Amino acid sequence: MTDADKSSFVYVTFVKTTPDRLWDALIDPDFVEQYWLGNRIEAEWKVGGSWKILFPDGRVADRGEIVAFEPGERLGIRWLNEWKPELNAEGYSICTMELEPVGEGVKLTVTHSIERADSKLIAAVSGGWPLILSNLKSLIETGSVFMARKA
Amino acid sequence: MQADASDDVFKALADPSRRRLLDRLHATDGQSLGDLCAGLTMTRQAVAKHLAILEAANLVVSKRKGREKLHFINPIPIHEIAERWISKFDQPRLSALSALKRSLEGENHD
């Protein structure tokens, strides 16, 4: 049976690059800003370190804590929405990004889950990730993104 | 997306049974093979075979959870195809339409 008390999604993309280069793309604020629709990341990159995403106007979109930091392999974030009260009320979710070399590229798996059924947070972030991941892949492979800012 | 990777996606999407499985995962994500078979006339073997093709095309991702294997829909390849084809063919047409609109509206206001 499916988990009745859990909401999650699993997204996978293959990027023609090296794990080190993809890892840098996940944690370098200037690079992140280019594919994450103009949003900036501020984080202490270590387990237990703080993490947040800021909108282009400086408001905090999401914040949390680094729970896994294995360079080139795995980044885990305990993630709380700060932007919408109804999403914030759902509490912490867990977002994990896993990197795995496959052929001439890297398989990037993004899993985002929360311990509650029919989560609005998961529904909201699941709509954003495809564009962000496509931008990331495109930026690394071709040097440009499809959409720099949300229309 | 590499040419052969998008070939796999188009081939996987070309089958109505596989599109039906994607619709079911879209409605409820993270289902086991047993969940997906419920209410379908397809045999378990046929569903497993279609799931393998969807996984090979990266349209479905499976995760082990204890003794079960749960299947998740992965919209990323469809998104990449949409970008690739929309940007190539639709975008110039949309740009042409908005240029036409601007020019017509400009004339009206002149």
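Residues numbered from 1 in each chain as written. Chains lettered and ligands numbered in written order. Predicted model: local features only at pLDDT ≥ 70, side-chain atom pairs only at ≥ 80, totals over all residues. Heavy atoms only, no water.

### Examining the overall build of chain B
- Of the regular secondary structure elements, chain B holds five helices and two strands.
- A total of 110 residues make up chain B; the buried ones form 33% of that total.
- Restricting the contact set of chain B to residue pairs at least 6 apart, pairs at least 24 apart contribute 49%.
- Accessible surface, chain B: about 6,900 Å² in total, of which carbon and sulfur atoms supply 56%. (Helix = DSSP H or I, 4+ residues; strand = E, 2+ residues; numbered from the N terminus. Buried < 20%, exposed > 50% of the residue type's maximum accessible area, 1.4 Å probe, protein only. Contact = heavy atoms within 4.5 Å. Areas by Shrake-Rupley, 256 points an atom, 1.4 Å probe, with all protein chains shown as cover.)

### Focus on the pairing of strand β1 (residues 60–65) of chain B
Residues and elements named next belong to chain B.
- The pairing of β1 with strand β2 (residues 68–73) spans six bridges and is classified as antiparallel. Within the sheet, the bridge partner assigned to S62 lies in β2 and is H71.
- Where β1 folds back onto β2 in an antiparallel hairpin, the turn is made up of two residues, including G66, whose phi is positive at roughly 60°. (Pairing = 2+ DSSP bridges.)

### A closer look at the interface of chain A and chain B
- Each side of the interface is counted separately: chain A has 21 residues, and chain B has 23 residues.
- Summed over both sides, the interface between chain A and chain B buries roughly 1,800 Å², with carbon and sulfur atoms accounting for 57% of that surface.
- Where chain A touches chain B, the interface holds one salt bridge.
- In this structure, A:E98 and B:K63 form a salt bridge, with 3.4 Å as the shortest nitrogen-oxygen distance.
- The interface formed by chain A and chain B holds four residue pairs in polar contact (both at pLDDT 80 or more) in total.
- The set of elements that each furnish at least two residues to the side of chain A that touches chain B consists of β1 (7–15), β7 (105–114) and α4 (120–142) of chain A.
- The greatest single-element share of the side of chain A that touches chain B, amounting to seven residues, is contributed by β1(A).
- Of the residues belonging to the side of chain A that touches chain B, the class tally is ten nonpolar, six polar and five charged. (Buried area = accessible area lost by both parts, 1.4 Å probe. Salt bridge = Lys/Arg side-chain N within 4 Å of Asp/Glu carboxyl O. Polar contact = N/O pair within 3.5 Å; in protein donor to acceptor, adjacent residues only side chain to side chain. Nonpolar A, V, L, I, M, F, W, Y, C, P; charged D, E, K, R; others polar.)

### Quick look at a nonpolar patch on the surface
- Together, B:L97, B:L100 and B:L104 give the surface a local cluster of nonpolar side chains, amounting to about 280 Å² of exposed area.
- In this fold, B:L100 is placed in helix α5 (residues 76–109). (Patch = residues over 30% accessible without salt bridge, like charges linked within 9 Å, V, L, I, M, F, W, Y side chains within 5 Å.)

### Quick look at the environment of A:W23
Residues and elements named next belong to chain A.
- Note that W23 resides in helix α1 (residues 19–27).
- Look at W23 and you get buried, because its relative accessible area is 5%.
- Separated by 51 residues in sequence, W23 and R74 place their C-alpha atoms 8.6 Å apart.

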